[in-house]
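Single-letter residue listing:
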Amino acid sequence: MERQYDFIVIGSGIAGLFFAQKVASLMPMGRVAVITKKSETESSTNYAQGGIATVMSPTDSFEAHVADTLTAGAGLCHSRVVRAIVKTGPDVIRKLVEIGVNFTAERGRFDLGREGGHSTNRVVHAADLTGREIERALLNSCRRKKNIDIYRETIGLDLITYEYRGQRRCGGIYTFSQARREFTSFYAPVTMLATGGIGQVYYNTTNPSIATGDGIAMAYRAGARVGNLEFVQFHPTALYSPGRKPFLISEAVRGEGGILINSARVKFMRKYHPRKELAPRDIVARAIDTELKEQGEESVYLDISHRQSAFIKHRFPNIYKECLRRGIDITKEPIPVVPSAHYVCGGVKADLSGRTDLEGLYVCGESAFTGMHGANRLASNSLLEAVVMADYAADAAVPFRVNNKFPDIPPADWWLHSSIIRQKEKVAVSYDRLFLRKLMSDFVGIVRSEERLKMAHERVKVILKSINSYYFSQPASIGIVELRNMAQVADLIIRSASRRKESRGLHYVIDYPKTDDRHWKRDTIIKPPHFEIPFDKIHKRRKKNG
Ligand code: FAD
Ligand code: SIN
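Residues numbered from 1 in each chain as written. Chains lettered and ligands numbered in written order. Predicted model: local features only at pLDDT ≥ 70, side-chain atom pairs only at ≥ 80, totals over all residues. Heavy atoms only, no water.

Enquirer: Kindly report on the packing of aromatic side chains, identifying the contributing residues and their values.
Expert: Applying the stated criterion across every chain, the model contains nine aromatic pairs. For the pair Phe7 and Phe19, a centre-to-centre distance of 6.5 Å together with 75° between the ring planes defines the contact as edge-to-face. Highlighted residues: Phe7 in strand β2 (residues 7-10) and Phe19 in helix α1 (residues 14-26), separated in sequence by 12 residues. Phe7 gets classed as buried once you look at its relative accessible area, which sits at 0%. An aromatic cluster of three or more residues is present, and its members are Tyr5, Tyr151 and Phe186. Over the ring of Phe311 we find Arg307; its NZ or CZ atom is 4.1 Å from the centre of that ring. Above the plane of the ring of Tyr343 lies Arg377, whose end atom (NZ or CZ) is 4.1 Å from the centre. (Phe/Tyr/Trp six-rings, centres within 6.5 Å; stacked < 30°, edge-to-face > 60°. Helix = DSSP H or I, 4+ residues; strand = E, 2+ residues; numbered from the N terminus. Buried < 20%, exposed > 50% of the residue type's maximum accessible area, 1.4 Å probe, protein only. Lys NZ or Arg CZ within 6 Å of the ring centre and 35° of its normal.)

The structure is reproduced here in structure tokens:
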């Protein structure tokens with residue numbers, strides 16, 4: 001099947017939905033497709049707790065927010081980008097309120113939370129369910145617009161590219177809907193990638209199951225450069241709850257006085273940083289990792305029980321309820337926590353309008369690499385970057401659409417992926433997925449070494465080669481689509497990490513424990529080889545296999 005739109009948006013988190021509703025408003029005659037691989041709300045956005053960092057208090061300033069962001073970023077933030085995004089913060093908060101987001105406020109003023117690395121309270125939030133509130137309001141806004149169609153349970157497989165005046169352009173995306181068992185080619189002059197992060201590439205993660213790095217892998221395969229993928233942020237305090245759905249214990253709990261203790265009940269953060277529990281995230285995560293290794297324990301503990309019970313229940317209703325459901329009363333006892341893969345600072349290289357190397361392809365949100373976060377993201381700067389960049393990208397994409405016709409592309413090749421509906425290889429796929437995630441956690445985690453990176457790369461290359469050998473021709477399962485992307489992203493993370501011969505921000509290598517500004521104060525950019533879907537080979541193999 002084929003469909004034509006003016007704008008295609010892949011992903012229904014904050015970045016995709018904000019972009020969709022804005023282009024739909026700017027161009028009421030333009031048609032917008034939002035494509036999302038599970039239900040509309042399933043996204044990292046929906047689980048965000050802490051909030052959006054923005055300068056809202058008269059005692060705060062843009063300079064202070066910029067300075068905190070640059071300090072956390074350890075020398076690699078692009079300061080022009082940081083300044084622009086920070087300054088646009090209050091404006092997008094206003095737009096979100098207009099759209100219907102109810103942030104927590106008292107007597108007409110936003111309640112501002114505090115998180116690690118911030119020199120003052122500046123996190124706008126909706127209790128501890130900020131993401132759910134944003135998703136609700138943005139989805140309502142999109143559903144109200146007659147020119148937006150939402151395709152749920154529809155996974156993007158590969159971007160459609162073509163040559164235009166000697167340049168490679170993006171003209172849409174091939175998709176597959178499991179529910180309708182249907183392949184569709186979506187064509188449009190503008191494609192926005194807003195597919196979120198990569199947390200599922202690691203075994204311990206705060207991210208939901210959708211976070212398999214699909215957008216980054218698809219863009220790379222289509223010919224777009226990616227950058228700074230070695231900087232994977234581990235959140236210091238995910239609930240330690242083996243075998244159960246990931247659950248985050250927000251940094252805001254530390255902002256409200258939560259204290260980290262080890263199994264011997266000793267407060268340990270003072271050993272590691274003068275800001276103790278509110279030191280930047282990389283420092284807190286590494287400190288916990290060191291304590292775990294020294295104590296030989298599975299978790300450390302976060303204790304907020306010294307605050308009044310009524311305050312805890314009011315400020316953290318969701319964390320209180322979920323912990324209680326799992327047998328922990330946080331008003332009375334410490335919470336077992338471990339660091340978990342949380343956020344990727346790198347992604348598809350984009351300018352301040354979300355433009356990538358491929359004309360017609362835009363990216364924003366966690367899939368994008370804009371330079372905002374440098375080597376370590378400051379807490380609650382991710383939702384801020386996602387919404388500001390979606391706002392900027394909409395302003396650039398509408399004139400691009402107006403000045404460009406529908407792509408003139410040969411007939412659809414959706415059938416190329418059609419083997420993925422058969423499910424013979426399910427066991428092999430889930431085995432490889434688990435193996436890959438464990439490998440990345442054990443070998444490419446918080447503390448790295450050259451030897452471990454090398455060993456991990458050898459194994460990832462084998463998985464990637466094997467998937468690529470059968471992806472287009474053998475019967476397989478839909479899980480292959482994600483495994484293919486996860487293996488591609490793992491390969492890119494390891495290659496980026498292996499290039500950087502120093503430690504900086506989130507990238508810590510025991511062979512090079514110092515930061516080396518002279519040689520490495522620069523981004524890690526990976527240029528893709530020219531990749532074409534191997535149509536000829538596939539035809540031949542298909543004929544041979546009947
Ligand atoms: P997402 O919200 O992840 O949305 C991605 C969308 O793309 C999803 O709809 C997904 O289904 C879809 N998708 C993916 N692949 C495909 C495909 N192949 N085809 C079709 N659709 C696809 N940041 C903050 O600033 N403040 C916070 O308080 C905060 N708390 C967090 C708490 C948790 C538990 C987590 C996991 C993250 C948190 N973050 C926070 C980070 C922040 O939530 C994310 O970086 C941000 O929400 C990413 O938004 P996004 O729109 O880029 O992606
Ligand atoms: C949190 O609430 O701790 C998450 C904040 C973030 O990831 O920025």
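Enquirer: Lay out empty space enclosed by the protein in plain terms, naming residues and giving numbers.
Expert: Per the stated rule, a full pass over the model turns up two cavities of 30 Å³ or more. Lining the largest cavity, in full, are Val232, Phe234, Asp282, Ala285, Arg286, Ile446 and Leu506. Contributions of two or more residues to the lining of the largest cavity are made by β15 (232-239) and α7 (281-295). For the lining of the largest cavity, the element with the highest residue contribution is α7, accounting for three residues. Along the lines of polarity and charge, the residues of the lining of the largest cavity split into five nonpolar, no polar and two charged. (1 Å grid on protein atoms, 1.4 Å probe; cavity = no way out; pocket = protein on both sides within 12 Å on 5 of 7 lines; lining within 4 Å. Points joined across faces, edges and corners; volume = space filled by probe spheres on them. Nonpolar A, V, L, I, M, F, W, Y, C, P; charged D, E, K, R; others polar.)

Enquirer: Which residues make up the pairing of strand β18 (residues 335-344), and what values do they have?
Expert: Within β18, 10 of the 10 residues are buried, leaving the element largely enclosed by the surrounding structure. In this structure, β15 lies alongside β18, joined through six bridges in antiparallel fashion. Its bridge partner being in β18, Phe234 is matched across the sheet by Ala341. Relative to β18, strand β17 (residues 300-303) runs antiparallel, the two sharing three bridges. (Pairing = 2+ DSSP bridges.)

Enquirer: Can you explain the sheet that holds strand β8 (residues 123-124)? Please cite residues and give values.
Expert: Strands in a sheet are paired, the pairing made by backbone hydrogen bonds, and the direction either parallel or antiparallel. The three strands are arranged β4-β8-β7 in an open sheet whose pairing can be described as antiparallel. Looking at the sheet topology across the chains shown, the edges are occupied by β4 (52-53) and β7 (112-113). With two bridges connecting them, β7 and β8 associate as antiparallel partners. By the bridge assignment, Leu112 is partnered in β8 with Val124.

Enquirer: Which residues make up the side chain of Glu385, and what are the values?
Expert: Along the polypeptide, Glu385 turns up in helix α10 (residues 382-403). Of the side chains bearing the opposite charge, Arg377 lies closest to the buried Glu385, which forms no salt bridge; the N-O distance is 7.7 Å. Here the side chain of Glu385 touches Thr370 through a polar contact of 2.6 Å, side chain to side chain. Those residues in contact with Glu385, other than ones at most four positions away along the chain, are Ile85, Tyr343, Gly365, Thr370, Met372 and His373. (Lys, Arg positive; Asp, Glu negative; His and termini not counted. Salt bridge = Lys/Arg side-chain N within 4 Å of Asp/Glu carboxyl O. Polar contact = N/O pair within 3.5 Å; in protein donor to acceptor, adjacent residues only side chain to side chain. Contact = heavy atoms within 4.5 Å.)

Enquirer: Break down the site of ligand 1 for me, with residues and values.
Expert: Near ligand 1 there are 39 residues, and of these Thr45, Gly51, Asp214, Glu366 and Ser382 occur at the shortest range. At 3.4 Å, a side-chain N or O of Ser380 approaches a nitrogen atom of ligand 1. When the free accessible area of ligand 1 is taken as 1000 Å², the share hidden by the protein chains comes to 98%. For the shell around ligand 1, the secondary structure elements donating two or more residues are α1, β10 (154-164), α5 (214-222), β18 and α10. Sorting elements by how many residues they give to the shell around ligand 1 places β10 first, with three residues. Along the lines of polarity and charge, the residues of the shell around ligand 1 split into 13 nonpolar, 21 polar and five charged. (Near = heavy atom within 4 Å. Areas by Shrake-Rupley, 256 points an atom, 1.4 Å probe, with all protein chains shown as cover.)

Enquirer: Break down the site of ligand 2 for me, with residues and values.
Expert: Around ligand 2 sit Gln49, Gly50, Glu115, His235, Leu248, Ser250, Glu251, Arg281, His342, Arg377, Ala379 and Ser380, and that is every residue in its neighbourhood. At 2.7 Å, a side-chain N or O of His235 approaches an oxygen atom of ligand 2. The contact in question runs from an oxygen atom of ligand 2 to an N or O atom on the side chain of Arg281, over 3.1 Å. Considered on its own, ligand 2 offers 260 Å² of accessible surface; in the complex 92% of this is hidden by protein. The residue makeup of the shell around ligand 2, split by class, is two nonpolar, six polar and four charged.

Enquirer: Lay out helix α13 (residues 479-499) in plain terms, naming residues and giving numbers.
Expert: For α13, with 21 residues, the first-to-last C-alpha span of 30 Å sits near the 30 Å given by 1.5 Å per residue. For α13, the tally of buried residues reaches 17 of 21 residues, placing the bulk of the element in the interior. (Expected span 1.5 Å × (residues − 1).)

Enquirer: Account for the nonpolar core, naming residues and giving values.
Expert: If you look at the biggest cluster of nonpolar residues, it comprises 73 residues, and the most contacted ones within it are Ile198, Tyr202, Ile216 and Ile493. Ranked by residues supplied to this core, first place goes to α13 with 11 residues. If sequence neighbours within four positions are ignored, Ile198 has contacts with Asn207, Ala211, Gly213, Ile216, Val232, Val344, Glu366, Val489 and Ile493. Formed by 56 residues, the second largest nonpolar core is a distinct cluster that contains Ile14, Val66, Ile93 and Phe400. (Core = buried A, V, L, I, M, F, W, Y, C linked by side-chain atoms within 4.5 Å.)

Enquirer: Account for α7, with residues named and values stated.
Expert: Across its 15 residues, α7 extends 21 Å between first and last C-alpha, which sits within 8% of the 21 Å expected from 1.5 Å per residue. All of the buried residues in α7 are Arg281, Asp282, Val284, Ala285, Ala287, Ile288, Asp289, Glu291 and Leu292. Along its buried surface, α7 packs onto β15, α6 (251-255), β16 (259-261), β17 and β18. Phi turns positive, to about 60°, at Gly296, one or two residues after α7.

Enquirer: Can you explain the pattern of salt bridges? Please cite residues and give values.
Expert: Should the charged atoms of two oppositely charged side chains come close, the side chains can pair. Applying the stated criterion across every chain yields a total of 39 salt bridges. A salt bridge links Asp6 to Arg401, with the shortest nitrogen-to-oxygen separation between them at 2.6 Å. Of this pair, Asp6 sits in the loop between β1 (2-4) and β2 while Arg401 sits in helix α10, and the two are 395 residues apart along the sequence. The class for Arg401 is buried, based on a relative accessible area of 12%. Linked by salt bridges that have partners in common, Lys22, Asp91, Arg94, Lys95, Glu98, Asp391 and Asp395 make up one network.

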